[in-house]
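Here's the letter readout for the chains.
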Amino acid sequence: MLSRRVFWMTCVLLLGSGLSAQEPKVDLGDVTEQHVMIPMRDGVKLSAYLYIPAGKGPWPVVYEQRYAPSRDVGTRQFMARLAKGGYVVCLENFRGSQLSEGKWVGYRALGWGELKDGFDTVEWLATQPWSTGNIGTFGSSQAGFAQNFLAVTQPPHLKCQYMIDTGLSLYQEGYRIGGTTRPERFKGMSSVCRNPADNADLMAEWFSHPTFDDYWKQEDCSLHFDKMNVPCFTIGSWYDFMCVGSVDSYVGRRNHGGPNSRGSQQLLLGPWLHGRLKEVNKVGELTYPENAKFPMEAHMLKWFDHYLKGVDNGAEKDPAVRYYVMGALGEEKAPGNEWRTAVNWPIPAQTTSYFLKSAGHLTLAAPEDELSETAFLADPLHPNEIPARGFPGAADAQVFEKQKEVRTFTTDVLESPVEWTGKVSTELYVTSTAKDTDFFVRISDVYPDGRSILIMDYIRRARYREGYEKEVFMEAGKVYKVAFDVGWLSQNFNKGHRIRVTVASTGAPFFEVNPNTGAPLTIEFPKDAVVAKNTVRHDKQYASRVIAPVVLHK
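Residues numbered from 1 in each chain as written. Predicted model: local features only at pLDDT ≥ 70, side-chain atom pairs only at ≥ 80, totals over all residues. Heavy atoms only, no water.

Draft legend 1. The sheet that holds strand β10 (residues 265-273), seen in detail. Strands sit in the order β1-β2-β4-β3-β5-β6-β9-β10-β13-β14 across an open sheet of 10 strands; the sheet is mixed. Single-partner strands in this sheet number two, and they are β1 (32-39) and β14 (338-342). Averaged over all neighbouring strand pairs, the angle between strand axes comes to 25°, with direction disregarded. With five bridges joining them, strand β13 (residues 321-325) and β14 adopt antiparallel strand pairing. Considered in β14, the bridge of tyrosine 324 is made with tryptophan 339. Packing against the sheet, helix α2 (residues 73-84) makes contact with β1, β2 (45-52), β3 (59-66), β4 (88-93) and β5 (131-140), and its axis sits at approximately 145° to β4. Strand contacts of helix α3 (residues 117-126): β1, β2, β3, β4, β5 and β6 (158-164), with the helix running at about 155° to β3, the strand carrying the most contacts. (Pairing = 2+ DSSP bridges. Helix = DSSP H or I, 4+ residues; strand = E, 2+ residues; numbered from the N terminus. Axes fitted to C-alpha atoms, helices over the stretch in contact; angles between N-to-C directions. Contact = heavy atoms within 4.5 Å.)

Structure below.
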């Protein structure tokens, strides 16, 4: 009679090919690595790599969905380390990506439509002879989005999740950012496709839906919190625009999720950039104290041990919210740079307006001038430069701030520390010579030596200033309010520092530029792009401002 281990290995080999002989050998210890093709409900098979611990089993399974390659040494070693904790680890590629069969459709086959690839995978994993039937999920960014899609489908064997730098809506937080399009960024997605032409087809679909319509609602998990019904640990990073997705996922599940979600959510917010690595204290150009490191791998195993193995290790008793208050670095006795806890999020704060003023001032006093404004150009053919793919935060932004068509507004030197913890938003009163253009706002901590350390930024395309459901264009000479959230943070601006707000309309290639014509948005940049003269008003009638969550300490 075959042993259980021989039996499941036979099943694996029947379902998929072995590892490529061309791949570098990686020492995974006593963990077995195998490639499988997992069948979906429509007959398509998805490529996955399994990491099996030594021993007889059966084991719980932890599962990650991604479109990115999964064969680099670091990824394989990470999966093996999780497996050594007593889990089968499944790392699967989206439909149509890498070696997975089917047509590449991004996230559209993961959720609540006709295809439910995540659901089907969870239930397949649960019925394998090496599985206990208890399935958890994990992963960051793309694999964070995927977990929200999966949660909505409610596979019976899904017991818990662990999300890092996640998202909810592909329109607001992925393919679009503040209504801006990113065709050059997403043309590169053809490299992950089994059939690169699929990516061009998908992009054409996106651009045929310029507003937030039913097409995009199929990729908005925030509409379905009531169907998310498992415990989840969520990590967000302050130096990441996707922090909004992490926070909103926690808040939505905690307040509107199913009975197994409410009361079983935890949120961790720390001083990191986007991505899986959180056991770090060197971020951008900054070095935080050692306490900024979070032992994510060990904690992930603790979380899974409790919810998948039933270990009484207190994971569910940790504070609901843990957040890191960032502070000045290299300054003795500077407040901040410490972890705090909270029973919920956001914490209480005083909504405080910081008003833009003439000559680059930023003050708590509202403007009294009858007419005051600051102008700059949005030149799509000669844009300001932000030479970055990822958010260039935790670094000195002076090079950008000194460019010709960038404007900064800065407070006087602070006489005492000021803490902002919560959501920052902005209201700009603007005019433009163009029918459509972009505006973005940045928040920086200005050190006494002049360094302007970028903390956060966000952008809004003017045609979507009244919401993403419709396009409303501008008329020359008219004043319009462009209001939007800049993001989440927890920052203690130290005594002797200054707070800076930066405003501009271009910053390429990080923000792909607006042609300013008001014409339908296109994949290929049009030849008729125009220069816009944009003006921000900051006077008595039109008081542009940033709205900050100031925490008052007794």
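Anyway, onward from the coordinates.
Draft legend 2. Highlighting α3. When you tally the buried positions in α3, you get nine out of 10 residues, the bulk of the element. Of the positions making up α3, those classed as buried are Asp117, Gly118, Asp120, Thr121, Val122, Glu123, Trp124, Leu125 and Ala126. (Buried < 20%, exposed > 50% of the residue type's maximum accessible area, 1.4 Å probe, protein only.)

Draft legend 3. Fine view of the pattern of salt bridges. This model, assessed by the stated rule, comprises 33 salt bridges. Between arginine 442 and aspartate 457 there is a salt bridge; the shortest N-O distance is 3.4 Å. Of the two residues, arginine 442 is situated in strand β21 (residues 438-446) and aspartate 457 in strand β22 (residues 452-461); the sequence distance between them amounts to 15 residues. Overall, the relative accessible area of 2% leaves arginine 442 in the buried class. One continuous salt-bridge network, built from bridges that share partners, spans Glu33, Arg71 and Arg76. (Salt bridge = Lys/Arg side-chain N within 4 Å of Asp/Glu carboxyl O.)

Draft legend 4. Spatial organisation of the side chain of asparagine 93. By the secondary structure assignment, asparagine 93 is in strand β4. A relative accessible area of 3% means that asparagine 93 is categorised as buried. In this structure the side chain of asparagine 93 is engaged in a polar contact, spanning 3.0 Å, whose partner is the backbone oxygen of alanine 68. Setting aside residues no more than four positions away along its own chain, asparagine 93 makes contact with Leu46, Ser47, Arg66, Tyr67, Ala68, Ser70, Gln98 and Ser100. (Polar contact = N/O pair within 3.5 Å; in protein donor to acceptor, adjacent residues only side chain to side chain.)

Draft legend 5. Local environment of the layout of surface pockets. Empty space within the second largest pocket amounts to approximately 480 Å³. Around the second largest pocket, the lining comprises 27 residues; the ones closest to its centre are Glu173, Val244, Asp248, Tyr458 and Asp485. Taken together, the elements giving at least two residues each to the lining of the second largest pocket come down to α5 (170-173), β9 (232-239), α9 (243-256), β22 and β23 (480-493). Per-class residue counts for the lining of the second largest pocket are 15 nonpolar, four polar and eight charged. (1 Å grid on protein atoms, 1.4 Å probe; cavity = no way out; pocket = protein on both sides within 12 Å on 5 of 7 lines; lining within 4 Å. Points joined across faces, edges and corners; volume = space filled by probe spheres on them. Nonpolar A, V, L, I, M, F, W, Y, C, P; charged D, E, K, R; others polar.)

Draft legend 6. Representation of empty space enclosed by the protein in the model. Evaluation of the coordinates by the stated rule reveals four cavities of 30 Å³ or more. Along its surface, the largest cavity is lined by Tyr175, Arg176, Thr181, Arg182, Pro183, Phe186, Trp206, Phe207 and Trp216. Put simply, the parts of the chain that give the lining of the largest cavity at least two residues each are α6 (183-187) and α7 (197-207). For the lining of the largest cavity, the class distribution of residues is six nonpolar, one polar and two charged. The wall of the second largest cavity is formed by Tyr239, Leu286, Tyr288, Met326, Gly327, Ala328, Asp445, Tyr447, Ile453 and Gln491. A per-class count over the lining of the second largest cavity returns seven nonpolar, two polar and one charged.

Draft legend 7. Just the confidence of the model for the protein, in detail. On average, residues of the protein score 95 in pLDDT, and 96% of them reach the 70 mark or higher. For the stretch residues 1-18, pLDDT sits under 50, and the model shows 28 contacts to residues farther than four places along the chain or on other chains. (pLDDT = per-residue confidence, 0-100.)

Draft legend 8. Focus on the packing of aromatic side chains. If you walk through the whole model with that rule in mind, you get 38 aromatic pairs. An angle of 25° between the planes, with centres 5.0 Å apart, marks the rings of tyrosine 162 and phenylalanine 233 as stacked. A residue pair is termed long-range when its members are at least 10 positions apart, and tyrosine 162 in strand β6 and phenylalanine 233 in strand β9 qualify at 71 residues. Look at tyrosine 162 and you get buried, because its relative accessible area is 0%. On the accessibility criterion, phenylalanine 233 (1% relative accessible area) is buried. (Phe/Tyr/Trp six-rings, centres within 6.5 Å; stacked < 30°, edge-to-face > 60°.)

Draft legend 9. Representation of the state of the cysteines within the structure. Applying the stated rule across the entire model yields zero disulfides. Of all cysteine sulfurs, the one in cysteine 160 lies closest to cysteine 232, which takes part in no disulfide; the gap is 8.4 Å. With a relative accessible area of 0%, cysteine 232 lands in the buried category. (Disulfide = S-S within 2.5 Å.)

Draft legend 10. The arrangement of helix α4 (residues 142-153) in detail. Between its first and last C-alpha, α4 extends 17 Å over 12 residues, near the 16 Å set by a 1.5 Å rise per residue. A large share of α4 lies buried, amounting to 12 of its 12 residues. Looking at the buried residues of α4, the elements they touch are β3, α3, β5, β6, α5 and α9. Just beyond α4, the residue with positive phi is glutamine 154, at close to 55°. (Expected span 1.5 Å × (residues − 1).)

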